[in-house]
Amino acid sequence: MSSPSKRRDMDVMKLMMSDFAVETINDGINEFNVELHGPKESLYEGGIWKVRVELPDAYPYKSPSIGFLNKIFHPNVDELSGSVCLDVINQSWSPMFDLLNVFEVFLPQLLLYPNPSDPLNGDAASLMIKDKNQYEQKVREYCERYAKRENITNTISEESDEEVSDEDISDGHSVTTDEEVAGHVEP
């Protein structure tokens, strides 16, 4: 049997060679971000999320830590932290699973079939149960506001917990220093 570090390397390489955009953090393979597109024919279709992955030293015997970096309105995703409530990742993880399973199957299934009876976001769960149309409208609003390409193209150093106002997003202009612009080509 191969060592956990070899398995980790292999799983990360498989993910990088797949159709998913992977951005490593601090040039390591224990922490990285993955671009996740909303599943077709779902409320989340057209949305793009940056998902943070942290691999524990004991991976694949211990599950990865998964969290959405840009906001998503979903009963099983904490709106503030982006933490995911998904049994297959949190409780029933097996070394038979790999990172491709997480991004090709587990997260798309979570978006397709939310579970309001086991919520991390009580507001989303309550709205889903009480007023499905209002819930669907709010999901679409979040997708439009937070899950577009411009919401995930920040570099790691630009990510922060600060709220971005509608004015910052809608005016199409931003204030940057020369250091932030270095290496970027203006269209």
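Residues numbered from 1 in each chain as written. Predicted model: local features only at pLDDT ≥ 70, side-chain atom pairs only at ≥ 80, totals over all residues. Heavy atoms only, no water.

Test applied: UniProt positions are given in the numbering used here, feature names are shortened, and annotations may be inferred rather than shown by experiment.
The chain is annotated in an unreviewed UniProt entry as E2 ubiquitin-conjugating enzyme of Dillenia turbinata. Quoted verbatim from the Function (unreviewed entry) field of UniProt, the annotation for the chain is "Accepts the ubiquitin from the E1 complex and catalyzes its covalent attachment to other proteins." For the record of the chain, the UniProt heading Sequence similarities (unreviewed entry) holds the text "Belongs to the ubiquitin-conjugating enzyme family."

1. So, the sheet that holds strand β1 (residues 22–24)
Our working rule: We treat two strands as partners when DSSP finds at least two bridges between them. Strands here are runs of E lasting at least two residues and helices are runs of H or I lasting at least four, both read from the DSSP assignment and numbered beginning at the N terminus. Interaxial angle, 0 to 180 degrees, is taken between N-to-C directions of lines fitted to C-alpha atoms, where a helix line uses only the stretch in contact. Whether two residues touch is decided by their heavy atoms; if any such pair falls within 4.5 Å, the residues are in contact.
Taken in spatial order, the four strands make up an open sheet running β1-β2-β3-β4, and their pairing is antiparallel. Whereas interior strands pair on both sides, the edge strands pair on one side only; in this sheet they are β1 and β4 (65–68). Strand-to-strand twist of the sheet, defined as the mean angle between neighbouring strand axes without regard to direction, takes the value 25°. Judged from the three bridges that link them, β1 and strand β2 (residues 31–37) form a sheet pairing that is antiparallel. The residue of β2 that forms the bridge with Val22 is Val34. Helix-sheet contacts for helix α3 (residues 99–112) involve β2, β3 (48–54) and β4, and the interaxial angle to β2 is about 45°.

2. What about the packing of helix α4 (residues 122–130) against helix α5 (residues 132–146)?
Threshold: Reported orientations rely on four angle classes, namely roughly parallel under 35 degrees, roughly antiparallel over 145, roughly perpendicular from 65 to 115, and oblique for the rest. For this classification, Asp, Glu, Lys and Arg are treated as charged, while Ala, Val, Leu, Ile, Met, Phe, Trp, Tyr, Cys and Pro are nonpolar and the rest, including Gly, are polar.
Running from amino to carboxyl end, α4 crosses α5 at an angle of 135°, the nearest separation of the two axes being 5 Å. Here α4 lies oblique to α5, going by the angle between them. Contact with α4, carried on its side by Ala124, Leu127, Met128 and Lys130, involves Lys132, Gln134, Tyr135 and Lys138 of α5 and no other residues of that element. Tallied by class, the residues present in the contact of α4 with α5 amount to four nonpolar, one polar and three charged.

3. Here we look at the UniProt feature "active site" (unreviewed entry) in the chain
Under the feature "active site" (unreviewed entry), the UniProt entry names Cys85. Considering the arrangement of structural elements, one finds Cys85 in the loop between β4 and α2 (87–90). Discounting residues that sit within four places of it in the chain, Cys85 has contacts with Asn76, Asn90, Leu110, Asp118 and Leu120.

4. Comments concerning the packing of aromatic side chains
For clarity, the threshold we go by: Side-chain rings of Phe, Tyr and Trp, where Trp is taken by its six-membered ring, are said to pair if the distance between their centres is within 6.5 Å; with planes under 30 degrees apart they count as stacked, over 60 as edge-to-face, and otherwise as tilted. Each residue gets one of three labels from its accessible area relative to the maximum for its type: buried under 20%, exposed over 50%, partly exposed in between, using a 1.4 Å probe on protein chains only.
Taken as a whole and assessed by the stated rule, the structure comprises nine aromatic pairs. The interplanar angle of 45° and the centroid separation of 5.2 Å between the aromatic rings of Phe73 and Tyr142 together place this pair among those described as tilted. Note that Phe73 is positioned in the loop between β4 and α2 and Tyr142 in helix α5, a separation of 69 residues in sequence. Summarising the burial analysis for this pair, Phe73 and Tyr142 share the class buried. Members of the aromatic cluster, each reached through a chain of ring pairs, are Tyr59, Trp93, Phe97 and Phe106.

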